[in-house]
Amino acid sequence: MTQSHEKRIDGMTTKQTFFGLLPEEVKETCKDRGIPSFIGDQVLHWVYNKNILDPAKMRNIAKKNQEIIAEIFDFSLFKSVSSLMSHEENAVKNNCVLFDNNIVECVVLKEKKYNTLCISSQCGCPVDCKFCLTGVIGFKRQLTAHEIVAQVVYSHSIGYAITNIVFMGMGEPLLNYENVFKSIDILTHPKTYNISKRNITVSTSGYMAGVERLIKDERFVNLAFSVGMADPLRREQIMPTEKRNPILTFIKVVKEYQSMHNRKLTLEYTLLENVNDSEFDIKSLINLSKYLNAKINLINLNPHPKIPYKPISVKKLHQIRDKIKKEKCPVTVRYKKGQDISAACGQLGESYL
Ligand code: SAH
Ligand code: SF4
């Protein structure tokens, strides 16, 4: 084996973390240890199709090989996890304690026919948007590909088969590019969960180098752009990233990216009372949506004592939605799922405070 693969973050085992490996890498590792590669396929099947993470329970594999598999691979997901179901039973928040005691949160959003997992890409976030609790707690560390995939595996293990993934949990996914896209390659592989690439959305606060790399790598995903404020002159007040990643340049890069494929683009707009809800602000947002040919998703602020803003009234939210509709821009309102369990947008990270 030429590549060196991830090991568990606490260094307490020398095994390779299984969920950070592509199926080809699993098989290659097996081969290196003298196990025929079809056994690698059997292991993948037990893990991803049957939710069996203990090699001793992989019945069609000989005991000797089960023992070798257990020696090579680390199948542990997290140190511990606590799950909370929202009152309306449409969201489940998993609080996952990592092996170095950092915490990462992911949220299952239940729909009638499918489940979406809102996944985290970093512990905390360095971007520091002033309306986001994850920004308030600051940056702890990058998640490994294993830790990203483990969020999906855990959700499966508690009975929620995941069909859709949104990178809208903790962290800025484009600042952890390698691990995020490795995890996407793993999750979309036919020998794992085979999640459709069209059902994966990466959300960014506007990290330019990240989208430039997507263009260079010809990696096409549904993109969500968290606008915050469409007015370049005032955007920096709530999103300090504006200084290095000016929206006016960023949107040109996004436009180029969109011209290369036909995946979706959404503009996420978190509404803050008397900050970004004026007629001028909404007009600027509409112009942006027309320029980028993008859908607008309105999110009313989820308030928190550590966040210095207030949400707007429901009446105003509907007025803004109708105004956008009148301009013939596609618009949706994201209703808060799981707010009672601090699982809604921008609320992740509570456990650190
Ligand atoms: N870092 C990425 C993805 C995580 S944030 C990004 O910023 O896009 C996911 C979404 O939650 C973003 O659209 C963000 O604007 C929104 N958000 C953050 N804090 C919020 C809050 N307190 N209330 C409502 N939405 C919030
Ligand atoms: Fe980070 Fe996104 Fe929160 Fe901004 S909104 S601080 S980029 S997680």
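Predicted model only: the values in this text are computed from it and were never measured. The residue numbers shown here count from 1 along each chain, following its written sequence. Written order decides the labels, with chains lettered from A and ligands numbered from 1. In keeping with the predicted nature of the model, local features appear solely for residues at pLDDT of at least 70, side-chain atom pairs appear and are counted solely at 80 or more, and the whole-chain, interface and lining totals rest on all residues. Side-chain descriptors were evaluated using all non-hydrogen atoms of the structure, hydrogens and water having been removed beforehand.

J.: Can you walk me through the overall build of the protein in this structure?
T.: What counts as a helix is a DSSP run of H or I of at least four residues, what counts as a strand is a run of E of at least two, and both are numbered from the N terminus. Per the secondary structure count, the protein includes eleven helices and 14 strands. The atom set for the radius of gyration is the C-alpha atoms, and the globule formula is 2.2 Å times the number of residues raised to the power 0.38. What you see for the protein is a C-alpha radius of gyration of 21 Å, in line with the 20 Å of a compact globule of 353 residues. For the protein, the C-alpha atoms occupy an extent of roughly 70 × 40 × 35 Å along the three principal directions. Here's how the labels work: a residue is buried when its accessible area is under 20% of the maximum for its type, exposed when over 50%, partly exposed in between, all with a 1.4 Å probe on protein chains only. Taken over 353 residues, the protein has a buried fraction of 57%. Considering only contacts within the protein whose residues lie at least 6 apart along the sequence, 66% involve residues at least 24 apart. Areas reported here follow the Shrake-Rupley algorithm with a probe of radius 1.4 Å; residue values treat only the protein chains shown as occluding. Of the roughly 15,900 Å² of accessible surface on the protein, 51% is carried by carbon and sulfur atoms. Any pair of residues with heavy atoms lying within 4.5 Å of one another is described as a contacting pair.

J.: Any chance you could explain the pattern of salt bridges here in plain terms?
T.: Think of it this way: side chains of opposite charge can pair up when their charged atoms draw near. Salt bridges are defined by distance alone: a side-chain nitrogen of Lys or Arg within 4 Å of a carboxyl oxygen of Asp or Glu. Taken as a whole and judged by the stated rule, the model has 22 salt bridges. For Arg334, the salt bridge goes to Glu268, with nearest N and O atoms at 2.7 Å. Placement of Arg334 in strand S14 (residues 331–334) and of Glu268 in strand S12 (residues 265–271) is noted, with a sequence separation of 66 residues between them. The class of Arg334 is partly exposed, set by a relative accessible area of 22%. With its nearest N and O atoms 3.2 Å apart, the salt bridge here joins Arg321 to Asp322. You can call Arg321 partly exposed: its relative accessible area is 21%. Overall, the relative accessible area of 38% leaves Asp322 in the partly exposed class.

J.: Hey, could you run me through the site of ligand 1 in this one?
T.: Nearness here has a simple test: a residue counts as near a molecule or strand if at least one of its heavy atoms is within 4 Å of that partner. In the neighbourhood of ligand 1, 20 residues make up the surrounding shell, with Phe131, Gly171, Ser203, Ser226 and Asn302 lying closest. Whenever a nitrogen or oxygen atom comes within 3.5 Å of another N or O atom, the pair is scored as a polar contact, on the condition that within protein one atom can donate a hydrogen and the other can accept it, and that pairs from neighbouring residues in sequence are kept only if both atoms are in side chains. Residue Thr204 places a main-chain N or O atom 3.4 Å away from an oxygen atom belonging to ligand 1. Note that an oxygen atom of ligand 1 is positioned 2.6 Å from one of the side-chain N or O atoms of Ser226. Contact with the protein chains removes 95% of the 540 Å² of surface that ligand 1 exposes when unbound. Side-chain classes follow a simple rule in which Ala, Val, Leu, Ile, Met, Phe, Trp, Tyr, Cys and Pro form the nonpolar group, Asp, Glu, Lys and Arg form the charged group, and the remainder, Gly included, forms the polar group. Of the residues in the shell around ligand 1, the class split is eight nonpolar, ten polar and two charged.

J.: What's the story with the packing of aromatic side chains in this structure? I'm lost.
T.: When we look at a pair of aromatic rings, we describe it by the centre distance and by the angle of the planes. In this analysis, rings of Phe, Tyr and Trp, with Trp reduced to its six-membered ring, are considered paired at centre separations within 6.5 Å, and the interplanar angle assigns stacked below 30 degrees, edge-to-face beyond 60, and tilted for intermediate values. With the rule as written, the count across this model stands at ten aromatic pairs. Measuring from ring centre to ring centre gives 4.7 Å for Phe18 and Phe75, while their planes differ by 35°; the resulting arrangement is tilted. Residue Phe18 is located in the loop between strand S1 (16–17) and helix H1 (23–32), and its partner Phe75 is located in the loop between strand S2 (73–74) and strand S3 (80–85); the two are separated by 57 residues in the primary sequence. Classification of Phe18 as buried rests on a relative accessible area of 0%. On the basis of relative accessibility, which here comes to 8%, the residue Phe75 falls in the buried class.

J.: How should I be thinking about the domain arrangement of the protein in this particular structure?
T.: Note on interface size: it is often stated as the accessible area lost on association of the parts. Where each domain starts and ends follows an automatic or database-derived domain assignment. Looking at the protein, the domain boundaries give domain 1 (16–74) and domain 2 (80–352). Taking the mean C-alpha position of each, domain 1 and domain 2 sit 34 Å from one another. At the junction of the two partners, domain 1 supplies 17 residues and domain 2 supplies 13 residues. Both faces considered, domain 1 and domain 2 share a buried interface measuring about 1,300 Å² in area, 63% of it formed by carbon and sulfur atoms. If you list the elements that add at least two residues to the side of domain 1 that touches domain 2, you get H1 and helix H2 (37–50). Taken together, the residues that form the side of domain 1 that touches domain 2 break down as eight nonpolar, four polar and five charged. Buried area adds together the accessible area that both of two parts lose upon being put together, with accessible area traced by a 1.4 Å probe.

J.: Please clarify how the environment of Ile61 should be interpreted in this entry.
T.: In this fold, Ile61 is placed in the loop between H2 and helix H3 (63–72). Residue classification places Ile61 among the buried residues on the basis of a relative accessible area of 4%. Considering only alpha carbons, one finds Ile61 and Lys130, 69 residues apart in sequence, at a separation of 53 Å. If sequence neighbours within four positions are ignored, Ile61 has contacts with Ile39, Gln42, Val43, Trp46 and Gln66.

J.: When you look at the packing of helix H9 (residues 247–258) against helix H10 (residues 279–292) in this model, what are you seeing that I'm missing?
T.: A pair of packed helices can be characterised by two numbers: the angle between their axes and the separation between those axes. Orientation is described by axes fitted as lines to C-alpha atoms, over the contacting stretch for helices, and by angles from 0 to 180 degrees between their N-to-C directions. Interhelical geometry of H9 versus H10 gives an angle of 30° and a closest axis separation of 10 Å. Classified by the angle their axes make, H9 and H10 are roughly parallel. Contact residues: Ile247, Ile251, Lys252, Val254 and Lys255 in H9; Leu288, Tyr291 and Leu292 in H10. Orientation labels follow simple angle bins: below 35 degrees gives roughly parallel, above 145 gives roughly antiparallel, 65 to 115 gives roughly perpendicular, and whatever is left gives oblique.

J.: What exactly am I supposed to notice about the packing of helix H7 (residues 208–217) against H9 here?
T.: Contact geometry for H7 and H9: axes closest at 10 Å, N-to-C directions at 20°. In terms of orientation, H7 and H9 fall into the roughly parallel class. In the crossing of H7 with H9, the sense of the turn from one axis to the other is left-handed. Taken together, the residues of H9 that come into contact with H7 (itself represented by Met208, Val211, Glu212, Leu214 and Ile215) are Thr249, Phe250, Val253, Val254, Glu256 and Tyr257. Across the contact of H7 with H9, the residue classes break down as eight nonpolar, one polar and two charged. In this scheme, a crossing is called left-handed if the near helix is turned counterclockwise away from the far one by less than a right angle; it is called right-handed if the turn is clockwise.

J.: How should the nonpolar core be read in this particular structure?
T.: A general feature of soluble globular proteins is that nonpolar side chains tend to end up buried together. Core analysis: the largest hydrophobic core is formed by 96 residues, its most contacted members being Phe18, Tyr48, Leu298 and Ile324. Each of domain 1 (16–74) and domain 2 (80–352) accounts for three or more of the residues forming this core. We call a set of buried residues a nonpolar core when its members are Ala, Val, Leu, Ile, Met, Phe, Trp, Tyr or Cys and they connect through side-chain atoms within 4.5 Å of each other. Core analysis: the second largest hydrophobic core is formed by 14 residues, Cys125, Phe131, Val275 and Ile307 among them.

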